[in-house]
Amino acid sequence: MFDILKNFGVFYLIGQYPHGPLGGLALTLILAALALLFALPVGLLLAMCRISPFPMLRLPVTGLIYVIRGTPLLMVIFWAYFLLPTLTGHKTDQFSTMLAALVIFDGAYLSEIIRAGIEGLPRGQMESARSLGFSYLQSMVLVVLPQALRNMLPSLVNQFISSVKETSLGYIISLSEVSFVAGQISTQLMTKPAEIYLLLGLTYFVMCFGLSRFAFWLERQLAVRSVKV
Amino acid sequence: MIKLESVNKWYGDYHALADISESVGKGEVVVVCGPSGSGKSTMIRTLNRLEPIQSGCIQIDGQDIYAKEVNVDGLRSRIGFVFQQFNLFPHLTVLQNCTLAPMRLLKKSRAEARDTALALLDRVGLAHKAEAYPAQLSGGQQQRVAIARALAMNPPVMLFDEPTSALDPEMVGEVLQAMKGLAKDGMTMVCVTHEMGFAREVADRVIFMDQGKVLERAKPESFFRQPEHPRAQRFLSDIRSPWAAAV
């Protein structure tokens, strides 16, 4: 195991960088962070459309969410891989392809979590904000979302953890993220798959466990400030 | 000040408000009572467009509030509304609850909004709770904060939708006290409530509703002494001695 780390540790962490493209764990972390960063606002926007009183917004978004939820992520990645170049007119690299697929896929899932969080609040919150004279949007931003986001934190984190693990599917389009790199190392060594994949498993576990603990800490911080009525 | 003309509202086939025509003058305190399902809450909610109406006209200060060109947010900011369930914002402190709307909508400075809010909280006896969160307050205290929050927008009209119905009995008094203070200061008020003591003391007029209709309007003394409509007579005797019917 230590031999592997000694010989391939740097490759595992950053891929061929600086002699080639960045890869390995670093790429996984960047991909996961960007996916979370973009998927949240996308999810928020989709959720707003999903509960909108205007059918023009609601129906297409509802359709989109059903399609995405009814499709494996692998399919979405393939679509992105083959469709994006056609749509944009030039070749998209694997990283952007994977990022686009993750953002759309997780955005759809997040939007359903956010919708449930919003609809789970007492109707009186929106009503009392509106009766003070706030517009629908102001009421959402100032009153409803701060409460809803807090209530749905556990589900959000769940989804975020899934996203981190989903980055491993970049393997399928030869994105040199950490799983792909692990596979390459394993092929080169031929005789150590158990050790290598154990290391890979541990790597994902540490990332996800860290995220869980952070969420737990955040939940407690928020709980100190106010108790749910 | 407030004028309803032949207002009708249906929920599907159910006729929730049947041809209501009423008017409330400036500085007048009107108490609306009636059995549950009588349409009294629906009626008061139509006054700030929380509920749409199907026909008729509601005017506030001479303005048809259901007209297309009306800015509904601006309209609501000039009408204070107090809910049965308080509906304070649990993620904000008491003070923030009272300064949010004035700062955002009236563009008051933080200091100015804070001063107004503290004065209003003092008026309802809760200035010392300014930094508390709603969940740390009793029901009666929360409702008094809700009144202060509505007053912070300095509305010429206040609407109360069963403000004491969700309270434990010993907390009803403190909320009514705050409302009485308002009434005596000349606020125009419409209150849906069964608190007869309150109605007797401060109401100029009592409106009795059942099944979406106004059955009786009267001065509080005469209404509570001898209501004319048989339904009102039965209602009053039921709330005075709840066990009588069962015996």
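You'll find chain B entered in an unreviewed UniProt entry as Amino acid ABC transporter ATP-binding protein, with Crenobacter oryzisoli given as the organism. Looking at chain B in UniProt, the text filed under Sequence similarities (unreviewed entry) is "Belongs to the ABC transporter superfamily."

The name an unreviewed UniProt entry gives chain A is Amino acid ABC transporter permease, with Crenobacter oryzisoli as the organism. Per UniProt, chain A has the following entry under Sequence similarities (unreviewed entry): "Belongs to the binding-protein-dependent transport system permease family. HisMQ subfamily."

Our focus in this paragraph is the interface of chain B and chain A. Each partner contributes to the interface: chain B provides 24 residues, whereas chain A provides 22 residues. Together chain B and chain A conceal approximately 2,100 Å² of surface at their shared face, both sides included; 61% is due to carbon and sulfur atoms. A per-residue breakdown of the area chain B buries against chain A is headed by Phe89(B), Pro90(B) and His91(B), which together make up 26% of the total. Scanning the region where chain B abuts chain A turns up two salt bridges. Put simply, Arg45(B) and Glu127(A) hold a salt bridge, and the shortest N to O gap is 2.6 Å. One can count six residue pairs in polar contact (both at pLDDT 80 or more) joining chain B with chain A. When contributions to the side of chain B that touches chain A are tallied by element, the ones reaching two or more residues are helix 2 (72-77), strand 6 (79-82), helix 3 (94-105) and helix 5 (139-151) of chain B. A breakdown of the residues in the side of chain B that touches chain A according to their chemical character gives 15 nonpolar, four polar and five charged.

Attention shifts here to the UniProt feature "transmembrane region" (unreviewed entry) in chain A. Residue and element names in this part refer to chain A. Taking the UniProt record as the reference, the feature "transmembrane region" (unreviewed entry) is found at residues 25-47, 59-82, 94-111, 132-149 and 196-218. Across residues 25-47, helical content stands at 100% and strand content at 0%; the span's end C-alpha atoms are separated by 32 Å. Helix makes up 100% of residues 94-111 and strand makes up 0%, while its end C-alpha atoms are separated by 25 Å.

Residues and elements named next belong to chain B. Across the two faces of strand 6 the burial is the same, with Ile-79 and Phe-81 and Gly-80 and Val-82 all buried. Looking at chain direction, strand 6 and strand 7 (residues 157-161) are connected through four bridges and run parallel. For Ile-79, the partnering residue across the bridge sits in strand 7 and is Val-157.

Turning our attention to the pairing of strand 9 (residues 205-210) of chain B. Residue and element names in this part refer to chain B. Here strand 9 lies mainly inside the structure; six of its six residues are buried. Of the two faces of strand 9, the one holding Arg-205, Ile-207 and Met-209 and the one holding Val-206, Phe-208 and Asp-210 are both buried throughout. Sheet topology places strand 3 (residues 29-33) next to strand 9; four bridges connect them, and they run parallel. Bridging from a neighbouring strand, Val-32 pairs with Ile-207 of strand 9. Of the strand pairs in this sheet, strand 9 and strand 10 (residues 213-218) are connected by five bridges, and their pairing is antiparallel. Bridging from a neighbouring strand, Ile-207 pairs with Arg-217 of strand 10. Adjacent in sequence and paired antiparallel, strand 9 and strand 10 are bridged by two residues, among which Gln-211 carries a positive phi angle near 50 degrees.

The next point concerns the layout of surface pockets. Residue and element names in this part refer to chain A. Considering only enclosed or pocket space, the second largest pocket measures out at about 400 Å³ in volume. Along the walls of the second largest pocket sit 14 residues, with Arg-123, Met-126, Glu-127, Arg-130 and Tyr-136 positioned nearest its centre. Elements with a contribution of two residues or more to the lining of the second largest pocket: helix 5 (94-119), helix 6 (123-132) and helix 7 (136-151). Top contributing element to the lining of the second largest pocket by residue count: helix 6, with five residues. Taken together, the residues of the lining of the second largest pocket sort by class into eight nonpolar, one polar and five charged.

What follows deals with the UniProt feature "domain: ABC transporter" (unreviewed entry) in chain B. As recorded in UniProt, the sites labelled "domain: ABC transporter" (unreviewed entry) are residues 2-236 of chain B. A distance of 27 Å separates the end C-alpha atoms of residues 2-236 of chain B, which is 37% helix and 26% strand.

Cut-offs used in this document
Residues numbered from 1 in each chain as written. Chains lettered and ligands numbered in written order. Predicted model: local features only at pLDDT ≥ 70, side-chain atom pairs only at ≥ 80, totals over all residues. Heavy atoms only, no water. UniProt positions renumbered as here; feature names shortened; annotations may be inferred. Contact = heavy atoms within 4.5 Å. Buried area = accessible area lost by both parts, 1.4 Å probe. Salt bridge = Lys/Arg side-chain N within 4 Å of Asp/Glu carboxyl O. Polar contact = N/O pair within 3.5 Å; in protein donor to acceptor, adjacent residues only side chain to side chain. Helix = DSSP H or I, 4+ residues; strand = E, 2+ residues; numbered from the N terminus. Nonpolar A, V, L, I, M, F, W, Y, C, P; charged D, E, K, R; others polar. Buried < 20%, exposed > 50% of the residue type's maximum accessible area, 1.4 Å probe, protein only. Pairing = 2+ DSSP bridges. 1 Å grid on protein atoms, 1.4 Å probe; cavity = no way out; pocket = protein on both sides within 12 Å on 5 of 7 lines; lining within 4 Å. Points joined across faces, edges and corners; volume = space filled by probe spheres on them.

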